[in-house]
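# Structural characterization, general
Next come the chains, spelled out residue by residue.
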Amino acid sequence: MVLRKRKIKLAIVYIILYMLGFSSYFFFSSLQAPSAEVVEEDYMEMYRVLYSSKEKAEEDFDIEIMEIMRRGYRGNREGISENSKEVYSQKHVLAIESERAYIKDGKKTVFLTFDDGPSANITPQILNILDKYNIKATFFVVGAMVEENKEILKRTYNSGHAIANHSYSHNYSKIYSNVDNFIYEVDKTDEALKKILGYNFNTRVFRFPGGSYGNKKEFKEAINNKGMIYIDWNSLNGDAEGQGLSKDRLINRFLETSSNYEKLVVLMHDAPGKQSTVDSLPSIIENLKQRGFEFAILK
């Protein structure tokens, strides 16, 4: 009887040890690199979190997060289907803080920027070209134009382009008459953007009409006090230097102003009448691609 009890106890011990070993196997197996199917599923889940809605895109994700996604889940993209890689490539947007736009790091980066829109005739053509090349740009919008072209603004935003503030009226005599009027113009544009894009929308990026050059110290301080950042440009296509300028003139002006720079912030305009800007844009993009520039947006 004693021997039988010992055998029973021994059998129970073996069963417990077996079960512990079995559980340990599954526990440690779960710590191993996931299968290709799991990698792809988690990878696409990260994609959905980042890009499923504009609200998510507004959460100011760091470039480091983008780098993690670029490398893939747990640093391993092996086994991810070519289709998933294609989707990722199309949706990936390089967003860089405006204060870091000119910092040299050995990489060629270009920010295409368009001022004074949106306009009914020019902005949609520019968006079509950017879609064709799968490139995102930064649009410095005027509040009054925003209220006239709400659907175009929505299309711009929903396409993944950055929206930044460029005053409400673009009227220098109003904007720069005093600081109170200046802040009123900035706030009124912000309010117009929120009404159209949703009250979760926010932009910290501002561009002074005419640039920040000259005697604008008090206006610069006012922008900084609002927690915003202003940025000018170091390259342009010259589309504001006259009326009826030819496509070739704009391309040549861009080439003149973009040489010898590692970081480019290119000034262009999508205001009414800027058809030459539309016509020259593909050639400018092709030139930048040939020179090895990566396209990014400002945040």
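Presented here is a report on the structure given in the accompanying data block.

Thresholds applied
- Residues numbered from 1 in each chain as written.
- Predicted model: local features only at pLDDT ≥ 70, side-chain atom pairs only at ≥ 80, totals over all residues.
- Heavy atoms only, no water.
- Helix = DSSP H or I, 4+ residues; strand = E, 2+ residues; numbered from the N terminus.
- Buried < 20%, exposed > 50% of the residue type's maximum accessible area, 1.4 Å probe, protein only.
- Contact = heavy atoms within 4.5 Å.
- Core = buried A, V, L, I, M, F, W, Y, C linked by side-chain atoms within 4.5 Å.
- Phe/Tyr/Trp six-rings, centres within 6.5 Å; stacked < 30°, edge-to-face > 60°.
- Lys NZ or Arg CZ within 6 Å of the ring centre and 35° of its normal.

### Details of the overall build of the protein chain
A count of helices and strands for the protein chain gives 13 helices and 10 strands. Looking at the protein chain as a whole, 44% of its 299 residues qualify as buried. Once local pairs closer than 6 in sequence are excluded, the contacts in the protein chain between residues at least 24 apart make up 76%.

### Comments concerning the nonpolar core
Grouped together as the largest cluster of nonpolar side chains are 33 residues, with contacts concentrated most on Leu112, Phe114, Leu130, Phe139, Ile285 and Leu288. At the level of secondary structure, the elements contributing two or more residues to this core comprise strand E2 (109-117), helix H6 (123-133), strand E3 (138-141), helix H8 (150-158), helix H10 (179-197), strand E8 (263-269) and helix H13 (275-290). Ala101, Phe111, Val265 and Leu267 belong to the second-largest nonpolar core, a separate cluster that totals 15 residues.

### Side note on the packing of aromatic side chains
For the structure on display, the rule yields 11 aromatic pairs. The interplanar angle of 70 degrees and the centroid separation of 5.3 Å between the aromatic rings of Phe208 and Tyr230 together place this pair among those described as edge-to-face. Note that Phe208 is positioned in the loop between strand E5 (205-206) and helix H11 (217-225) and Tyr230 in strand E6 (residues 229-230), a separation of 22 residues in sequence. Accessibility expressed as a relative area gives 1% for Phe208, which makes it buried. The ring of Tyr168 has Lys188 sitting right over it, with the charged end atom 4.2 Å from the ring centre.

### Points about the side chain of Ser235
You can see Ser235 is positioned in strand E7 (residues 235-236). Apart from the residues within four sequence positions on either side, Ser235 is in contact with Phe254, Thr257, Ser258, Leu264, Val265, Val266 and Leu267.

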